[in-house]
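In case you want the letters, here they are:
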Amino acid sequence: MTMNLAVLIKQVPDSDEVKMDPEKGTMIREGVSSIINPLDLNALEAAVGISKAFGGRVTVLTMGPSQAEEALREAIALGADRAILLSDRAFAGADSWATSLVLAETLRKTGPYDIVLAGEKATDGETGQVGPEVAALMGYNLATYVSFLDAGPRGVSVKCTVEEGTLYQWIPLPCLLTVLNDLNEPSLPTLAGKKKARRAEILKLGLAELGLTRENVGLLGSPTRVVRIETPKITRQTEFFSARDLERGIDRVIDILKEAAVI
Amino acid sequence: MRKEDRNFQGILVFGETRSNKIHSVTYELTGKARNLADVKGCEVSVLLLAESLRDDPSDLFRFGADKVLVVQDPSLSIFNQGIAVNVLKAIIEAENPEILLAPATTIGRTVLPSVAAMLQTGLTADCTGLEIDPDSGLLLQTRPAIGGNVMATIKTPVHRPQMATVRPKTFRIPAPRNRTGTLIYPTLPKETFSSPIQSIHLQRAEGDGGNIQDRDCVVSGGKGLRRPEGFRLIKELAELIDAGVGASRPTVEAKWISYPHQVGLSGKVVAPKIYLAAGISGAVQHLAGMQTAQKIIAINKDPEAPIFRIADVALCGDLYDILPRLIERIRVERCERNG
Ligand SMILES: Cc1cc2nc3c(=O)[nH]c(=O)nc-3n(C[C@H](O)[C@H](O)[C@H](O)COP(=O)(O)OP(=O)(O)OC[C@H]3O[C@@H](n4cnc5c(N)ncnc54)[C@H](O)[C@@H]3O)c2cc1C
Ligand SMILES: Nc1ncnc2c1ncn2[C@@H]1O[C@H](COP(=O)(O)O)[C@@H](O)[C@H]1O
């Protein structure tokens, strides 16, 4: 048998480059380059491995602005066979539900798939909700926090990292797995891969092609709304010590440790 | 589902049990749900799934529950997401809660998004604050926002239930009160307890140096340590005062220390008596994991470091100067006390 695989990837700001604005306490995002969400690289690595073992095809998909095409080309350089960009003005402002709906609809239109892989969470939003929500919309069996997998023709044996330890499960196909970085060591793009990536055709789909309506996607289709954004309130009286005062500061720390009966 | 479609009422807490015992986060969420319910004037129900519960579920009444639903079945001995989703969905369909709260544990973070998608409603992950909007009666869900040093407040205006997950230790367990409620053992159709997924085995891990969430003191190091060996100094201080060792995310990503030590939005939430942060700037994602500590002591060479804004004691200077001095002082205090 051959395996039809899909990987959900997201383009995120490179968090190593993000700097804080000392005045406003906000992040400076200008000039920060974009990368593929690190855990999605683990997902891709696993998919490419499975397709090599069984024969099959790896499709990567991302919903995002047109720049997200870069992420898809990088994924092709890393071994993906086909790339789909879901880009439409109407998709903007999507919460995890509205994102999942577009991804699920795409899987339905371009599938069927045996195994879909996603990162456990993305470094920017960090909801970790998209994978499970897509699985539920597709009616696929779901496993989360996957740190080891062994795929077979009828299902996948997984180890999942949970608070209590390691959970061993058997997940029949079709399934969606969200993965952790213990799963594997993502490889680097090869020269041949890079060449292929440059020439590759990226399939672009929007609202019309997916047969969705404006009311169901993007901000309009999102059940949640951001009502306000604020900087956290300062709730403590800070005693500040520097330079020659530091010895007094250390005295205060000793007092606190004594009060708490630590020393 | 839209609120017009049914009469949604009350708050349901998806409780967590481990090894047939009620996990402390269930008490934390029950207490928080009680506060919210008192504002709304509604009831709090708590759902527990177990093979065969060893704790007394009626204990939850004293922490704010009006109703406790205990679903017991042999299939619940090891977590199975397929079955857990079936059970929660069945209970939601019977109870029609307006609000659903769950712990942001691996279980809650697996079951809740699945159920949210099936019910076509919104879900906010890892909330650090929950409130009822006095005007609309809606649940206001606050969480650190994408990327910035800011908090976003989110609501779910028309879809029901309004769903949120909350990290353990975010809210305190309230003092128990003298109250009672109704204990129910719902019977669900047999097929609820079957799933194509097979949970084969749960291998319990040996404790990784003890859980930092259970410690009275936590000493954490950040990027300001500048090199992996910096954690030796952190550990030395931690051992001296019997504290857990915490860390900021970049130090974990750089593999200076392992992930179970990470404090913050994508690590653990700690609420110790004393939290000492050395070389940590105080990004909102880090604060999300420690701001409820009783006393915060921060060491940073930058007088403008955001961590100082929430610290009780700010020591501005080089941590490689201050930490050894502090360690020395503690040793001296010890000697003097021991005669
Ligand atoms: C979605 C998301 C989730 C995140 N989750 C987490 C999380 O769970 N936990 C977490 O910690 N972060 C998290 N982060 C990262 C967070 O935004 C910050 O980048 C991170 O907390 C910064 O770590 P730091 O304070 O150690 O490093 P920096 O911000 O680099 O700060 C280092 C500090 O050390 C000080 N310093 C340097 N040298 C010395 C010296 N010799 N003596 C004293 N002080 C010195 C500097 O003045 C500076 O303030 C997350 C980010 C995102 C986007
Ligand atoms: N816009 C998107 N396009 C494709 N995949 C996504 C998108 N957003 C999230 N994902 C996938 O879902 C995972 C979890 O993301 P999140 O729920 O945002 O934390 C990511 O690691 C991706 O695999």
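Given the structure is predicted, the values throughout are model-derived calculations rather than measurements.

Enquirer: What exactly am I supposed to notice about the overall build of chain B here?
Expert: Regarding its fold elements, chain B presents 7 helices and 18 strands. In terms of overall size, chain B behaves like a compact globule, its C-alpha atoms giving a radius of gyration of 22 Å where 339 residues would be expected to give roughly 20 Å. Along the longest, intermediate and shortest principal axes, the C-alpha atoms of chain B span 65 × 45 × 40 Å. Within the span of chain B, comprising 339 residues, buried residues form 62% of the whole. Considering only contacts in chain B between residues 6 or more positions apart, those separated by 24 or more positions represent 65%.

Enquirer: What's the story with the nonpolar core in this structure? I'm lost.
Expert: Nonpolar side chains tend toward joint burial in soluble globular proteins. Ranked by internal contacts, the top residues of the largest apolar core, which has 73 residues, are I115, L117, L149 and L177 of chain A together with F14, L88 and V111 of chain B. With 7 residues, the top contributor of residues to this core is helix α2 (residues 81-95) of chain B. Not counting residues up to four positions away in its chain, the partners in contact with L177 of chain A are I115, V116, L117, A118, A143, V146, L149, V156, V158 and I171 of chain A. Counting 39 residues, the second largest nonpolar core, distinct from the first, contains C217, A238, I241 and W256 of chain B.

Enquirer: Could you clarify how one ought to interpret the domain arrangement of chain B in this entry?
Expert: Size of an interface, as often reported, equals the accessible area lost when the parts are brought together. All names here are of chain B. By the assigned domains, chain B splits into domain 1 (3-193) and domain 2 (212-337). Of note, the centres of domain 1 and domain 2, computed from C-alpha atoms alone, are 33 Å apart. Together domain 1 and domain 2 conceal approximately 1100 Å² of surface at their shared face, both sides included; 49% is due to carbon and sulfur atoms. Inspection of the region where domain 1 meets domain 2 yields 0 salt bridges. At the junction of domain 1 and domain 2, the tally comes to 4 residue pairs in polar contact (both at pLDDT 80 or more).

Enquirer: Got a minute to help me understand the pattern of salt bridges in this structure?
Expert: One side chain can pair with another of opposite charge once the charged atoms of both are near each other. All names here are of chain A. The tally for this structure, following the rule as stated, stands at 32 salt bridges over all chains. Residue D124 pairs with K10 through a salt bridge whose shortest N-O separation is 3.3 Å. Of the two residues, D124 sits in the loop between β8 (115-119) and α4 (130-138) while K10 sits in the loop between β1 (3-8) and β2 (11-13), which places them 114 residues apart along the sequence. Given the relative accessible area of 35%, K10 is considered partly exposed.

Enquirer: How should the packing of helix α2 (residues 69-77) of chain A against helix α5 (residues 191-199) of chain A be read in this particular structure?
Expert: The description of two packed helices rests on the angle between their axes and on the distance between the axes. Residue and element names in this part refer to chain A. Following both chains from N to C, one finds α2 and α5 inclined at 140 degrees, their axes separated by 7 Å at the closest point. By the angle between their axes, α2 is oblique relative to α5. The handedness of the crossing between α2 and α5 is right-handed. Across from R73, I76 and A77 in α2, the residues of α5 making contact are G193, K194, K196, A197, R198 and R199.

Enquirer: Hey, could you run me through the site of ligand 2 in this one?
Expert: Residues and elements named next belong to chain A. Around ligand 2 there are 19 residues in total, and L8, D40, M63, A122 and G128 lie nearest to it. Here a nitrogen atom of ligand 2 and a backbone polar atom of M63 are 2.8 Å apart. Coverage of ligand 2 by the protein chains reaches 97% of its 480 Å² of free accessible surface. Listed by contribution, the elements that provide at least two residues to the shell around ligand 2 are β6 (56-63), α3 (96-110) and β8. With 3 residues, β6 is the single largest residue contributor to the shell around ligand 2. When its residues are assigned to classes, the shell around ligand 2 shows 8 nonpolar, 7 polar and 4 charged.

Enquirer: Could you clarify how one ought to interpret the sheet that holds strand β14 (residues 225-230) of chain A in this entry?
Expert: Hydrogen bonds along the backbone pair up the strands of a sheet, which may run parallel or antiparallel. One open sheet holds the 4 strands; their spatial order is β14(A)-β10(B)-β9(B)-β8(B), and the pairing between them is antiparallel. Looking along the sheet, the strands with just one partner apiece sit at the ends: β14 of chain A together with β8 (129-132) of chain B. Strand-to-strand twist of the sheet, defined as the mean angle between neighbouring strand axes without regard to direction, takes the value 25 degrees. Of the pairings in the sheet, the one linking β14 of chain A to strand β10 (residues 151-155) of chain B comprises 5 bridges and is antiparallel in character. Residue E230 of chain A lies in a different strand from β10 of chain B, and its bridge partner there is M151 of chain B. With respect to the sheet, helix α1 (residues 24-40) of chain B is in contact with β8 and β9 (139-144) of chain B, its orientation differing from that of β8 of chain B by roughly 20 degrees.

Enquirer: What exactly am I supposed to notice about α1 of chain B here?
Expert: Because each turn of an α-helix spans 3.6 residues, side chains separated by three or four positions end up pointing in the same direction. All names here are of chain B. Look at α1: 25 Å from first C-alpha to last across 17 residues, which is about the 24 Å you get at 1.5 Å a residue. With 12 of 17 residues buried, α1 lies mostly within the body of the structure. If you check which residues of α1 are buried, you get V25, T26, Y27, E28, L29, T30, G31, K32, A33, R34, L36 and A37. Directly after α1, the chain includes G41, whose backbone phi takes a positive value near 70 degrees.

Enquirer: Just to check I follow, could you spell out the interface of chain B and chain A for this structure?
Expert: Counting residues at the interface gives 85 residues for chain B, matched by 71 residues for chain A. For the pair chain B and chain A, the summed buried area comes to about 6800 Å², and 58% of that belongs to carbon and sulfur atoms. Our count for the contact surface shared by chain B and chain A stands at 6 salt bridges. In this structure, D251 of chain A and R329 of chain B form a salt bridge, with 2.7 Å as the shortest nitrogen-oxygen distance.

Enquirer: Would you explain the sheet that holds β1 of chain A in this entry?
Expert: Within the open sheet, the 10 strands sit side by side as β13(A)-β7(A)-β6(A)-β1(A)-β8(A)-β12(A)-β9(A)-β10(A)-β11(A)-β13(B). Their pairing is mixed. The two strands at the open ends of the sheet, each matched to only one other strand, are β13 (202-205) of chain A together with β13 (198-204) of chain B. Direction aside, neighbouring strands of the sheet carry axes that sit 35 degrees apart on average. Relative to β6 of chain A, β1 of chain A is paired through 6 bridges, and the arrangement is parallel. By the bridge assignment, L8 of chain A is partnered in β6 of chain A with L61 of chain A.

Rules of the game
Residues numbered from 1 in each chain as written. Chains lettered and ligands numbered in written order. Predicted model: local features only at pLDDT ≥ 70, side-chain atom pairs only at ≥ 80, totals over all residues. Heavy atoms only, no water. Helix = DSSP H or I, 4+ residues; strand = E, 2+ residues; numbered from the N terminus. Rg over C-alpha atoms; globule rule 2.2 N^0.38 Å. Buried < 20%, exposed > 50% of the residue type's maximum accessible area, 1.4 Å probe, protein only. Contact = heavy atoms within 4.5 Å. Core = buried A, V, L, I, M, F, W, Y, C linked by side-chain atoms within 4.5 Å. Domains from an automatic or database assignment. Buried area = accessible area lost by both parts, 1.4 Å probe. Salt bridge = Lys/Arg side-chain N within 4 Å of Asp/Glu carboxyl O. Polar contact = N/O pair within 3.5 Å; in protein donor to acceptor, adjacent residues only side chain to side chain. Axes fitted to C-alpha atoms, helices over the stretch in contact; angles between N-to-C directions. Parallel < 35°, antiparallel > 145°, perpendicular 65-115°, else oblique. Left-handed = near helix turned anticlockwise from the far one by under 90°. Near = heavy atom within 4 Å. Areas by Shrake-Rupley, 256 points an atom, 1.4 Å probe, with all protein chains shown as cover. Nonpolar A, V, L, I, M, F, W, Y, C, P; charged D, E, K, R; others polar. Pairing = 2+ DSSP bridges. Expected span 1.5 Å × (residues − 1).

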